[in-house]
Amino acid sequence: AAQTVQMTVQPGDPKLQISKHIYGHFAEHLGRCVYDGFWVDEKLNVPKQGRIRMDIVEALRKIKVANLRWPGGCYADAYHWRDGVGPTAQRPRTINTWWGDATEDNSFGTHEFLELCKLLGTEPYLAANVGSGTVQEMATWMEYLNSNADTPLTQQRKQNGHPEPYGVTMWGIGNESWGCGGNMTADYYTDVYKRYATFAHNYPGSPPLKRIVSGANGDDANWTETCMKNIPLNMMWGLTLHQYTLPTGNWNGSKGKATGFSEQEYFNTMRNCLKMEDIVTRHSAIMDKYDPQKKVALLVDEWGVWTDVEPGTNPGFLYQQNSLRDALVAGTTLNIFNNHAERVRGANLAQAVNVLQALVLTDKERMLLTPTYHVFDLYQVHQDAQLLPLQFSSPEYVMGNEKIPALNASASKDKNGVVHISLVNLDTKKSQKLETALGGVTWKSVSGRILTSPKVNDYNTFEKPNTVKLASFSGAKKRGDKLAVEIPPQSVVVLELK
Ligand code: AHR
């Protein structure tokens, strides 16, 4: 019989919150994320406000998108904001050289993005062009958006329909500056960063800027070390990190299929996903050396599963399906971020619609919610809640000669004193029995919801959009002061204790 795992939920530090910004998303001008995703043809027969697709907006509002990053990604370092403001008919056509050489008509620009954010009830997170832009271009974008002085730029904003300053605070200064953002060395980038950051001004009436350093790729410790060493702490609000999960772990050649994979491929994916724990720990340790008070946030502003594209689709559009495996990756990764709440204060899944590990997929009028969407639905309870640290020792999920921890979890207490525990069982065959002691929590009853499916590679299609869906969970019981749970194989469970 399976051994019962003993777990303790600790009282934690009442001041330590899981930042809601861990639940951020990403919309790049890439494939069908913006065009034919959020922003559709006038003739498409779906609910719209202007050309913004409202069935997507409605679905995303339900999961509370904390921030939305835009316009890239690699595209950000090719984007010139002036191309996307003013009368649509007069906006230039440009080429999206990063993503499929698609023609960009610039009909979705700054105002349209900020309107989308307003409809979503989310905070915009802009990425300024460092790779092919200028300091002045970034500075004028900031003045255009945030100033209430009477200048030609603010006049222009008013003429373009927005009299009040927008007050955009989250600004990434470049993206992947070690790669598509300019192939810079870390030393060179930090000088460039300081130059840009010097001219990223606060404007009276708008809240102070959160200036964000373009950070490391995966386990590149040198990049983080150099940024922390060279950039004064008061010049950066945050530092980023990009870490994707590739089923094969191989950037050159096949990354692995999004569906129809074997259990071995599933296991490998989860092993690769779990590297996030080690990577976040190592970057945090470097940051601690220079910033022991943890003033600077670590933002994992690109993460998620990256597979081969769906057969027959444009390789430059990064369209992939999304299975229960993606949901297990999302649940696991978000547990890692929650548990690192002290330093990880932001993250952005790549990407929201029709690209990589999407929340929503569309096909003309049709739309489906992916298994990953349901995990964000389950986990929204953690946003801005107090972290409750957990102690337990996980059983192993064994495959051939390899093993990974089968169980991962995180917990929080919200402002009403309600406790939520999110549990992920990665094992495809064994359920996990848990006995949980809760320090200092008073509760009377437990309820829960579960995401699972008979096969780990099950997924939702436009014909069958509810193959992988949420259900209520009855496998948790109060036994005296303790909580007894049996978590089914390959499932994500979120419990509510009140
Ligand atoms: O999310 C897709 C791409 O991945 C982004 O544009 C880039 O920043 C990263 O390499």
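Please read these numbers as outputs of a predicted model, since none were measured by experiment.

## What to know about the environment of Asp105
Residue placement: Asp105 occurs in the loop between β7 (102-104) and α2 (110-120). For Asp105, a relative accessible area of 29% puts it in the partly exposed group. As a C-alpha pair, Asp105 and Ala78 span 27 residues in sequence and 14 Å in three-dimensional space. Those residues within four positions of Asp105 in sequence are excluded, and the remaining contacts are Tyr35, Arg91, Pro92 and Arg93. A polar atom in the side chain of Asp105 sits 2.8 Å from the side chain of Ser107.

## Some details on the packing of aromatic side chains
Describing an aromatic ring pair means giving the distance of the ring centres and the angle of the ring planes. Across all of its chains, the model carries 20 aromatic pairs by this definition. Seen from their ring centres, Trp39 and Phe108 are 5.4 Å apart, and the 65° between their planes marks the pair as edge-to-face. Placement of the pair is Trp39 in the loop between β2 (24-26) and β3 (48-49) and Phe108 in the loop between β7 and α2, with a sequence separation of 69 residues. Neither Trp39 nor Phe108 differs from the other in exposure class; each is buried. Seen from their ring centres, Trp141 and Trp171 are 5.3 Å apart, and the 80° between their planes marks the pair as edge-to-face. Of this pair, Trp141 sits in helix α3 (residues 135-146) while Trp171 sits in strand β9 (residues 170-173), and the two are 30 residues apart along the sequence.

## Some remarks on the site of the ligand
In the region of the ligand, 13 residues are neighbours, and Glu28, Cys74, Glu176, Tyr244 and Glu302 sit closest. One of the side-chain nitrogen or oxygen atoms of Glu176 is found 2.8 Å away from an oxygen atom of the ligand. At a separation of 2.7 Å, an oxygen atom of the ligand approaches a polar side-chain atom of Glu302. Against a free-state accessible area of 280 Å², the protein chains account for coverage of 94% of the ligand.

## Considerations on the pattern of salt bridges
Scanning the model with the defined rule gives 19 salt bridges in all. The partner of Asp36 in a salt bridge is Arg32, with the nearest N and O atoms 3.4 Å apart. By sharing partners, the salt bridges in this structure join Asp288, Asp291, Lys294 and Arg343 into a single network.

## Structural notes on the sheet that holds strand β22 (residues 432-438)
Here five strands make up an open sheet; going across it, the order is β17-β1-β22-β26-β25 and the pairing mixed. Every other strand in the sheet has two partners, leaving β17 (390-391) and β25 (476-479) as the edge strands with one partner each. With six bridges connecting them, strand β1 (residues 4-9) and β22 associate as parallel partners. Bridging from a neighbouring strand, Thr8 pairs with Ala437 of β22.

## Overview of the environment of Ala258
With respect to the secondary-structure elements, Ala258 resides in the loop between β11 (238-245) and α7 (263-273). Accessibility expressed as a relative area gives 3% for Ala258, which makes it buried. In sequence terms Ala258 and Trp237 are 21 residues apart; their C-alpha atoms lie 36 Å from each other.

## Here we look at the domain arrangement of the protein
With domains assigned, the protein is organised as domain 1 (4-9 + 389-497) and domain 2 (20-384). Each of domain 1 and domain 2 was reduced to a C-alpha centroid, and the two centroids are 29 Å apart. Counting residues at the interface gives 40 residues for domain 1 and 40 residues for domain 2. For the pair domain 1 and domain 2, the summed buried surface comes to about 3,300 Å²; carbon and sulfur atoms form 66% of the total. The largest per-residue losses of area from domain 1 upon contact with domain 2 belong to Met399, Val456 and Phe462, which jointly make up 21% of the total buried on that side. At the junction of domain 1 and domain 2, the tally comes to four salt bridges. Across the pair Glu463 and Arg366 runs a salt bridge whose closest N-O atoms are separated by 3.3 Å. At the level of secondary structure, the elements contributing two or more residues to the side of domain 1 that touches domain 2 comprise β18 (396-399), β19 (402-405), β20 (407-413), β21 (419-425), β23 (446-451) and β27 (491-497).

## Notes on the state of the cysteines
Per the counting criterion, the structure on display carries one disulfide. Covalent S-S linkage joins Cys74 and Cys180, the inter-sulfur distance amounting to 2.2 Å. Handedness here is read from the sign of the S-S torsion; for Cys74 and Cys180, about -90°, the answer is left-handed. Linking Cys74 in the loop between β5 (67-70) and β6 (94-96) with Cys180 in the loop between β9 and α5 (186-198), this pair joins segments that are 106 residues apart in sequence. Lacking any disulfide linkage, Cys117 is separated from the closest cysteine sulfur, that of Cys33, by 12 Å. Judged by relative accessible area, which is 3%, Cys117 ranks as buried. Here Cys227 stays unpaired: no disulfide links it, and the sulfur of Cys180, its closest cysteine neighbor, is 15 Å away.

## Details of the packing of α3 against helix α4 (residues 152-159)
It is the contact of α3 with α4, at a shortest axis distance of 8 Å, that shows an interaxial angle of 55°. Taken together, α3 and α4 sit at an angle that is classed as oblique. As α3 packs across α4, the resulting crossing turns out to be right-handed. Two secondary-structure elements touch here, α3 through Thr140, Glu143, Tyr144, Leu145 and Asn146 and α4 through Leu153, Thr154, Gln156 and Arg157. Its residues placed into classes, the contact of α3 with α4 shows three nonpolar, four polar and two charged.

## Describing the sheet that holds strand β8 (residues 123-128)
The strand order around the closed barrel built from eight strands is β2-β5-β8-β9-β10-β11-β12-β13, with neighbouring strands paired in parallel fashion. Put simply, the sheet's adjacent strands are angled 30° from each other on average, direction ignored. Of the pairings in the sheet, the one linking β2 to β5 comprises two bridges and is parallel in character. Looking across to β5, one finds that His25 is bridged to Leu68. Across the sheet, α2 is in contact with β5 and β8; its angle to β5 comes to roughly 165°. Here helix α9 (residues 324-339) sits on the sheet and contacts β11, β12 (297-305) and β13 (344-349); the angle it forms with β12, its principal contact strand, is near 170°.

Conventions adopted
Residues numbered from 1 in each chain as written. Predicted model: local features only at pLDDT ≥ 70, side-chain atom pairs only at ≥ 80, totals over all residues. Heavy atoms only, no water. Helix = DSSP H or I, 4+ residues; strand = E, 2+ residues; numbered from the N terminus. Buried < 20%, exposed > 50% of the residue type's maximum accessible area, 1.4 Å probe, protein only. Contact = heavy atoms within 4.5 Å. Polar contact = N/O pair within 3.5 Å; in protein donor to acceptor, adjacent residues only side chain to side chain. Phe/Tyr/Trp six-rings, centres within 6.5 Å; stacked < 30°, edge-to-face > 60°. Near = heavy atom within 4 Å. Areas by Shrake-Rupley, 256 points an atom, 1.4 Å probe, with all protein chains shown as cover. Salt bridge = Lys/Arg side-chain N within 4 Å of Asp/Glu carboxyl O. Pairing = 2+ DSSP bridges. Domains from an automatic or database assignment. Buried area = accessible area lost by both parts, 1.4 Å probe. Disulfide = S-S within 2.5 Å. Axes fitted to C-alpha atoms, helices over the stretch in contact; angles between N-to-C directions. Parallel < 35°, antiparallel > 145°, perpendicular 65-115°, else oblique. Left-handed = near helix turned anticlockwise from the far one by under 90°. Nonpolar A, V, L, I, M, F, W, Y, C, P; charged D, E, K, R; others polar.

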